[in-house]
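Below are the chains, spelled out letter by letter.
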Amino acid sequence: MENSSTAVIVKDPTGTGENVAKFTVPDDGKSYRAEIQRKQFGWGQYNYSVSHYIPSSWPLFDYGTILAQWHGYSLNDKNLNPPIALVLSGKKPEWQLHIYQLKPLSSPSAVPETVLKRYVLDVPVTFNQWHNWNFDIKWSQLDENNQLIPGQIIVKHNNVEVANIISGNNYHQKWPPYFQMGIYRASWKEGALNRPIVGNPIEVYHKGVVIKDMN
């Protein structure tokens, strides 16, 4: 949690009586993250399910908000973008899948840089109902000659496939990326964009987290 952000257990806003997680990031000019994470798995293939409920009070903004991400580790003392992220983006919000790939390093100690590939998902943004997501991720690898063996990401929304991407999907570090869920809106960091503070918090509900080892 950053500053006044919170994560609590509450009842399902649709009235089922089920316990769910509620993440909140206040619009206070300082807070921008409320996330929990799950470490640590080995390399291979894993299947992740998670459901999101976005209330109609969602504060629209020009930039994206990450609701689920698979995050790597610092490289040469630099923190990098998450290799994979599910993003709700824009004032006319749309679902996007972001995949960051590492540029070749000019030397083992060079400052690393990443390249973003953005995929718009054909999924309507519907408020006040649950969105059920499934991510089947096979991590890419480097062979003994440092050549890429592509991985694969299959994304389903409400059991309908909306993305199937074969590519590099991580930075090939000692450990594969770890799973985080909640809210991450970097553009709300203190002083990030000199944006007006209007006071409407970001709220998202999460439930149904299941992680399966497919190896």
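Here the structure is a predicted model, which means the values were calculated and not measured.

A. Highlighting unusual backbone geometry. For asparagine 3, which is not glycine, the phi dihedral falls at a positive 55 degrees. For asparagine 3, the location among the structural elements is in the segment before β1 (6-11). By relative accessible area, asparagine 3 is classed as exposed at 55%. A positive phi angle, near 50 degrees, is found at asparagine 76, a position not held by glycine. For asparagine 76, the position within the fold is in the loop between β5 (64-71) and β6 (84-89).

B. Looking closely at the environment of leucine 105. Mapped onto the elements, leucine 105 comes out in the loop between β7 (94-102) and β8 (114-120). When its relative accessible area of 33% is taken as the criterion, leucine 105 is described as partly exposed. For leucine 105, the contacting residues outside a window of four places in its chain are Leu75, Asn76, Ala110, Val111 and Pro112.

Scoring rules and cut-offs
Residues numbered from 1 in each chain as written. Predicted model: local features only at pLDDT ≥ 70, side-chain atom pairs only at ≥ 80, totals over all residues. Heavy atoms only, no water. Helix = DSSP H or I, 4+ residues; strand = E, 2+ residues; numbered from the N terminus. Buried < 20%, exposed > 50% of the residue type's maximum accessible area, 1.4 Å probe, protein only. Contact = heavy atoms within 4.5 Å.

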